[in-house]
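Summary of structural features
One letter stands for each residue in the lines below.
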Amino acid sequence: MASEGEPGRRRRCCCTQDGQDVPKTTKPRGDSDGPRRSSLCDRHCAAINNVQGDLGDLGCHLHRPRIPPAMSSPSCCQQHSDEVCESCVVKTTLTAENAVEANKLSNNYKFGFKKWKSHVTARPWEDRSEIVKELYSDLNVIRGSGGSTVTCGNVLYLLLFGWWLSLLYVLVAAMMFITIVGAPYGRLCWNLAGYFLWPFGKVIQKEEVPKSRRALGACEAGAETSGVGESSALLGGPVPCRWRLRCWADAGYWQCAGTVAWLCLGYPALVLAHGLVCVTAWLLVILIPVAKLSARTATRVLLLPPERVLVRRLRMTEVPLEGEVILCCYRAVNPYYYKYAVDGINVFAVNLLPLVLVTLVLGYVDSHNCLTSSPVKFTLALLSIMPLSYYIGMAIASISAQSNFAVGAVVNATFGSITELTFYITALIKGSREGNRCYAEIVKSALTGTLVGCVLFVPGLCMVIGGIRHQEQRFNSRSAGVSSALLFLSVGGVFAPTLFSKVYGKLVCGECHNVTQNPLGHYLCHNCHFDLMENNGTLYYSHVQPLVYTVSLLLPAAYLIGLFFTLKTHSHIYDIHISDCHMPGHHHSAVVHWSRWRALVILLLSTLCMSACADLATEHISPILTNSTISQYFIGVTVLAMVPELPEIVNGIQFALQNNLSLSIEIGNCIAVQVCMLQIPILVLFTIFYPTNFTLVFSDLHVYASMFSVVLMNYIFMDGKCDYFQGTVLVMVYFILLAVYFFAPSPSGC
């Protein structure tokens, strides 16, 4: 959900696989490089042909120029071509800044590991684009003529903040003039009133102290010197010592009195105003430059002596060599601030974190719904799951990138599905306590909705958005085929008890009416279902339940076999090589955003908060299920199923925009496989120790929707390439299924 794109992807070797095109011919650069390149080719082919799971063993030599065919040794290439090695399989090389980042990229291509787009280490400043550099730059750089400052974003600032902020400065200036001793601050506020009405194209400078007063003002210089080195993510510059009374010997009592009047009367009101502007602009994200402007004003400009603050128009300003530019802003709106991150955390996740605190306070303090209603609390709890899912994903990726394979596999298997399982288990516990079967049906709907959404909606949406930028996108059909085979196996295993009950169960209907008034005529029946408890539950306890337990054991075993197949014995099907060499002769040390212990603490805290939010969501969903005219099926397959997966959807879209559709597809497939092979068996295991109303028997609608989705996905992914049209087909089918769920009657008993 944060930062810039993944490093570039380059194809190595001339052999093609899955329909890949052969690269164009490159001419030799000279005969002197022949022996060196020939040895590199040998090492390249030997490494590729013997790769066994670890994707980072080849080293940095893959970044060197490609080998002309005339210079390749016979041991490597038996048949000459226009590029490198004919006997080598295609390798996709991903470059990373350091070993930790390379490990994270490698984990993205490992089956069963959470796919994570954001960086887990700080990127080198020189590698960032000019757009991103501007996001983190201070508002104190004077540029050349950038055209007119009258833009839509600047006008928006005037309408939202500029007019009333300028009016407040005028009022404070009048108040300071009335105090007489605060007249210098009154003149400062008058100048700042004009500045904040339209700050664009203007500059605020800090005037140097004359030499005759430098000795007397040493206390101020010492205070500012002590603040050097402190920085703020919001301010982006040095933070001076605050609340220090600046009294000069030649000013005497009146100067000190004016400062006291300013700090007591004028400064607090302006700080509150700028704080409000700062918070509002920060929450709007695209107005973060305004937040920086207000923050630096409150902490720098308003704490300077008034005679040292100069406000001028940019075209009339010539900055002296010894002068310091404090503020210089050109535009209020920057749409690229969605990439902004604080300590590796995307700005949207930072802004949504207070929502979690508000949700927990309202949910557990206002237990009698005196302040808000149950639907509001349910909505807040559901929205709070999104940032918590982001923090859990970031923590898992950070721990896995800094640990060995075993630790990463354990962490991903333990916490990879914690978001969904937390909600499902709390819902089943509440339904068991209340004796309400609706909660079990909601859980089944959410499981089916997650399966259908990750098979159809997630890859389809990624295809559509990625296809807008790239005319045709290719992916590794062999790796996608492994996930598809596991999906077929898992769907068949999950719905096997349902099909068994349809064959051997007894159809029971709630009420039937004769529509022809003839005893032998047609009957219209309602609330029909297959009764598994006939003859004291002999069918269920003797046949269906043992089948459920058998399937719940076989599915995790199949998952482990899939892990061993893709990560150990057949890891070469993922045609990926991760190199931790940033540039030839240019290495960077890893500066991780979150250490392993910090990531572990955040992971545990996020899991606890997730449990609390899931408890609140299930506590306040009852009025929605009872009073809503919308089918409970629809609520389960949409809101409860897809909201926790929003961070994964964003990751998939970002991968697709960078023409890395393989990871976009793997995100959806991996979640769907985990739903069937891990989450459902865990729920069955939970019902053994804590009896609930959950049985592994789904409605016909869930069965048909899931099986049709898996078949359609496999048909689309057969040829290893796609475009936006095929993505549109998947998305349209998903919305058709949603329409079916919307108009379907609620489950029996709800």
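Scroll up to find the structure.
From a predicted model like this one, the values you see are computed outputs, not experimental measurements.

**A look at the overall build of the chain**
The helix and strand tally for the chain stands at 24 helices and 14 strands. Sorting the 750 residues of the chain into buried and exposed places 53% on the buried side.

**Concerning the side chain of H593**
Mapped onto the elements, H593 comes out in the loop between β13 (576–579) and α18 (596–619). Within polar-contact distance, the side chain of H593 engages the backbone oxygen of T121 at 3.2 Å. Ignoring sequence-local partners within four residues, the contact set of H593 consists of H119, V120, T121, A122, D343, G344 and R598.

**Focus on the pairing of strand β3 (residues 202–206)**
Taking burial as the measure, the 5 residues of β3 include 5 buried ones, the bulk of the element. Neither face of β3 is left uncovered, since the one carrying K202, I204 and K206 and the one carrying V203 and Q205 both have all their residues buried. Relative to strand β5 (residues 324–328), β3 is paired through 4 bridges, and the arrangement is antiparallel. Directly across from V203, in β5, lies its bridge partner C328.

**Here's the deal with unusual backbone geometry**
The residue I180 is not glycine, and still its phi comes out positive at about 65 degrees. Mapped onto the secondary structure, I180 falls in the loop between α4 (152–178) and α5 (183–197). Notably, D343 is not glycine yet its phi reads approximately 55 degrees, a positive angle. Counting through the fold element by element, D343 comes out in the loop between β6 (341–342) and β7 (345–346). A residue is classified by how much of its surface remains accessible, and D343, at 35% relative accessible area, is partly exposed.

**Some details on the environment of Y136**
Residue placement: Y136 occurs in helix α3 (residues 130–136). Taking the C-alpha atoms as reference points, Y136 and A341, 205 residues apart in sequence, are found 9.2 Å from one another. Engagement of the side chain of Y136 in a polar contact is seen with the backbone nitrogen of A341, the distance being 3.0 Å.

**Concerning the sheet that holds β3**
Across the sheet, 3 strands lie side by side as β4-β3-β5; this open sheet has antiparallel pairing. Single-partner strands in this sheet number two, and they are β4 (309–313) and β5. Across the sheet, the mean angle separating the axes of adjacent strands is 30 degrees when strand polarity is ignored. Two strands pair when backbone bridges link them, and β3 and β4 are joined in this way by 5 bridges, in the antiparallel orientation. What sits directly across from V203, in β4, is R312. Against the sheet, α5 engages β3, β4 and β5, with an angle of about 150 degrees to β3.

**Overview of the nonpolar core**
Membership of the largest hydrophobic core comes to 121 residues, with the highest contact counts inside it found for L456 and L640. Leave out the neighbours within four places in its chain, and L456 touches S709, L712, L730, V733, Y734 and L737. Within the second largest apolar cluster, 49 residues are counted, among which are F161, A261, A273 and I288.

**What to know about the packing of aromatic side chains**
Scanning the model with the defined rule gives 22 aromatic pairs in all. Ring centres of W198 and F200 lie 5.1 Å apart, and the angle between their planes is 85 degrees; this geometry places the pair in the edge-to-face category. Where Y391 meets W594, the ring centres are 6.4 Å apart and the plane angle is 5 degrees; that geometry is what we call stacked. A residue pair is termed long-range when its members are at least 10 positions apart, and Y391 in helix α11 (residues 374–401) and W594 in the loop between β13 and α18 qualify at 203 residues. Ring pairing ties together the aromatic residues W116, Y390, Y391 and W594, which thus form one cluster.

**Looking at a nonpolar patch on the surface**
Together, I131, Y336, Y338 and F348 make up a nonpolar patch on the protein surface, roughly 350 Å² of accessible area in all. With relative accessibility at 39%, the residue Y338 sits in the partly exposed group.

**Some thoughts on the pattern of salt bridges**
Two side chains bearing opposite charge may form a pair once their charged atoms approach each other closely. Applying the stated criterion across every chain yields a total of 10 salt bridges. Across the pair D343 and R598 runs a salt bridge whose closest N-O atoms are separated by 2.5 Å. One end of the pair, D343, is in the loop between β6 and β7; the other, R598, is in helix α18, and 255 residues separate them in sequence. When its relative accessible area of 36% is taken as the criterion, R598 is described as partly exposed. Among the ionic pairs, E619 bridges to K430, the shortest N-O distance being 3.5 Å. Of this pair, E619 sits in helix α18 while K430 sits in helix α13 (residues 418–434), and the two are 189 residues apart along the sequence. Linked through salt bridges whose partners overlap, the residues forming this network are K430, E434 and E619.

Conventions and cut-offs
- Residues numbered from 1 in each chain as written.
- Predicted model: local features only at pLDDT ≥ 70, side-chain atom pairs only at ≥ 80, totals over all residues.
- Heavy atoms only, no water.
- Helix = DSSP H or I, 4+ residues; strand = E, 2+ residues; numbered from the N terminus.
- Buried < 20%, exposed > 50% of the residue type's maximum accessible area, 1.4 Å probe, protein only.
- Polar contact = N/O pair within 3.5 Å; in protein donor to acceptor, adjacent residues only side chain to side chain.
- Contact = heavy atoms within 4.5 Å.
- Pairing = 2+ DSSP bridges.
- Axes fitted to C-alpha atoms, helices over the stretch in contact; angles between N-to-C directions.
- Core = buried A, V, L, I, M, F, W, Y, C linked by side-chain atoms within 4.5 Å.
- Phe/Tyr/Trp six-rings, centres within 6.5 Å; stacked < 30°, edge-to-face > 60°.
- Patch = residues over 30% accessible without salt bridge, like charges linked within 9 Å, V, L, I, M, F, W, Y side chains within 5 Å.
- Areas by Shrake-Rupley, 256 points an atom, 1.4 Å probe, with all protein chains shown as cover.
- Salt bridge = Lys/Arg side-chain N within 4 Å of Asp/Glu carboxyl O.

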